[in-house]
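Coordinates in review
One letter stands for each residue in the lines below.
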Amino acid sequence: MTDLPFVDAHIHLWDLAHLRYPWLSPPFDDSGPNGSVEPIARNFDVTDYRALLARWNVVGAVHIDAGAHADDALAETEWLEGQGDVLPNGIVAFAALDHPAVDTVLAQQAAHARVRGIRHIVNWHPDVRRSYTARDLTQDPQWQAGFAALGRHGLSFDLQCYPGQMPGLVPLLARHPEVPVMINHLGMPVLSDADGVADWRKGMAALAGLPHVAVKISGFGFIRRDWSLADVAPFVREAIDLFGPDRCMMASDVPTDLLFADIDRCMEALHAVVADHGEADRRAMFAGNANRLYRLELPL
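None of the values given here were measured: they were computed from a predicted structure.

Analysis parameters
Residues numbered from 1 in each chain as written. Predicted model: local features only at pLDDT ≥ 70, side-chain atom pairs only at ≥ 80, totals over all residues. Heavy atoms only, no water. Helix = DSSP H or I, 4+ residues; strand = E, 2+ residues; numbered from the N terminus. Buried < 20%, exposed > 50% of the residue type's maximum accessible area, 1.4 Å probe, protein only. Contact = heavy atoms within 4.5 Å. Areas by Shrake-Rupley, 256 points an atom, 1.4 Å probe, with all protein chains shown as cover. Polar contact = N/O pair within 3.5 Å; in protein donor to acceptor, adjacent residues only side chain to side chain. Pairing = 2+ DSSP bridges. Axes fitted to C-alpha atoms, helices over the stretch in contact; angles between N-to-C directions. Left-handed = near helix turned anticlockwise from the far one by under 90°. Nonpolar A, V, L, I, M, F, W, Y, C, P; charged D, E, K, R; others polar. Phe/Tyr/Trp six-rings, centres within 6.5 Å; stacked < 30°, edge-to-face > 60°. Lys NZ or Arg CZ within 6 Å of the ring centre and 35° of its normal.

Time to look at the overall build of the protein chain. Across its full length, the protein chain holds 11 helices and 8 strands. The dimensions of the protein chain, computed from C-alpha atoms along their principal axes, are 45 × 45 × 45 Å. For the protein chain, the proportion of its 300 residues judged to be buried stands at 56%. The contacts of the protein chain with a sequence gap of at least 6 include a subset with a gap of at least 24, amounting to 80%. Working note: accessible area of the protein chain is about 12,200 Å², and carbon and sulfur atoms make up 52% of it.

When you line up the elements, D140 lands in the loop between strand 4 (115-119) and helix 6 (141-152). Exposure remark for D140: the relative accessible area of 16% places this residue in the buried category. Among the polar contacts listed, one links the side chain of D140 to the side chain of R135, at a separation of 2.5 Å.

The residue H10 is located in strand 1 (residues 6-11) in this model. H10 sits in the buried class, given a relative accessible area of 0%. Each C-alpha atom of the pair H10 and Y132 lies 19 Å from the other, and the pair is 122 residues apart in sequence. Apart from the residues lying within four places of it in its own chain, the contact partners of H10 are V62, I64, R119, D158, N184, H185, K216, A251, S252, D253 and V254.

It is worth spelling out the sheet that holds strand 6 (residues 181-183) at this point. One open sheet accounts for 8 strands, arranged 1-2-3-4-5-6-7-8; its pairing is parallel. Every interior strand has two partners, whereas the edge strands, strand 1 and strand 8 (248-250), have only one. Strand-to-strand twist across the sheet, computed as the mean angle between neighbouring axes with direction ignored, equals 25°. Both strand 1 and strand 2 (residues 58-64) contribute to a ladder of 4 bridges, which runs parallel. Bridging across to strand 2, V7 finds its partner in G60.

A few words now on the packing of helix 5 (residues 102-110) against helix 6. Relative orientation of the contacting elements helix 5 and helix 6 amounts to 35°, with a least axis distance of 10 Å. Crossing geometry of helix 5 relative to helix 6 is assigned as right-handed. Facing V102, D103 and L106 of helix 5, the residues of helix 6 in contact are G146, A149, L150 and R152. Considering only residue class, the contact of helix 5 with helix 6 consists of 4 nonpolar, 1 polar and 2 charged.

Looking along the chain, the bond that leaves V254 and enters P255 is cis, with omega of 5°. Position of P255 relative to the elements: it lies in the loop between strand 8 and helix 10 (263-273). One non-glycine residue, M188, adopts positive backbone phi at about 50°. As for its placement among the helices and strands, M188 is situated in the loop between strand 6 and helix 8 (196-208). Residue M188 is classed as buried on the basis of its relative accessible area of 2%. Despite not being glycine, R295 shows a phi value in the positive range, around 55°. With respect to the helices, strands and loops of the structure, R295 is situated in the segment after helix 11 (279-293).

Turning next to the packing of aromatic side chains. Using the criterion set out here, one finds 8 aromatic pairs in the structure. A ring pair is formed by Y132 and Y162, whose centres lie 6.3 Å apart and whose planes are at 70°; its orientation type is edge-to-face. On the criterion of sequence distance, the pair formed by Y132 in the loop between strand 4 and helix 6 and Y162 in the loop between strand 5 (156-159) and helix 7 (166-175) is long-range, its members being 30 residues apart. The exposure class assigned to Y162 is buried, which follows from its relative accessible area of 2%. Between W143 and F147, the ring centres sit 6.0 Å apart and the planes meet at 25°, which makes this aromatic pair stacked. Placement of both W143 and F147 in helix 6 is noted, with a separation of 4 residues, approximately one turn of the helix. Just as W143 is buried, F147 falls in that class too. An aromatic cluster of three or more residues is present, and its members are W143, F147 and F157. Just above the ring of W227 sits the side chain of R265; from NZ or CZ to the centre is 4.3 Å.

Here you go:
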C-alpha cells in the first residue's frame, strides 16, 4: 500500500490478544463517555495485526497500556515482556500517578527494557457521561507530584485528557521539560460542547507552546463515531500546523479504532491528509518521530 515505513505510535496488543471490550457481546452497554458504539460493535471484527504489518509497511510499534489492571500496574508490562523478542518495540506502561507508592511503581516499570513511558488516563469533563474520572486528577497536588517523579525515572508521559484540561496543565508541564509528553488521539475534541472546537484549538495551542510536547494523530472515532475524511482532516491539518511535522506521530490505535472503521480506511485517511507534505515530513510523521520520541533506536 505504501513505500513509507510506519512506526505505529499507539497500539493495544493486550486488547488484541484478550479482546477485553465489554460491549462486543449483547446486551450492549456503552453509556459513555463518548456515546453508543452499538451499531458499529455489531459488525466488529478484530483484524489480525499482522495484516496491518503486511499492507502498511509497519517496521515498529509502541504498545499503550489502557489501565485495565489498576490493581496490578505491572500486569500488562510483564505479559508483553513474556511474549519474547517480538512487537512491541516500546511500551507505555500504566501507573496511577496519584498513588502514594507511585515512585516505587515507576521504578519497577522503568526496570523493564522496553518501557519508555507511562499513561494514566485523566479525561475529566463536567458532564459525568463523558468523564473517565470522578475528579480532575490533573489539578490534584498528589497527581502532580507523581508526574514530577517521571523525570527521575527517565520516563515520558502519554497524555489522554480533554481540551478543557489542557491550559491548566501548562504550568506543570512547563516546570518539567525533562518529561516528554505525547498527546493522545489528536487531543480528543468534544464537538458536542458549545465551544468544543474553540476549546480544542485553545488547549492544543497552549500545549504546542511547550517544545517537549508532541501529538499523536489517531482516534478519529473519538471525534465522530461515523467519521469521514472531511470530518477529521481539518483537525489533523491544524494539529500539524500547531506542532510542526517534527512533533506529530501517526498511529493506528488498533483495536479501538476498528470499532469505527477498518484498518485500511484509517491508514488511507492518514496518508491522504498529509499527501501534500514532502517525503521528508511524511517519513518523519509516519516513522521517524515515533522512533526518536519513544527512543526505539530502529534502523529506519
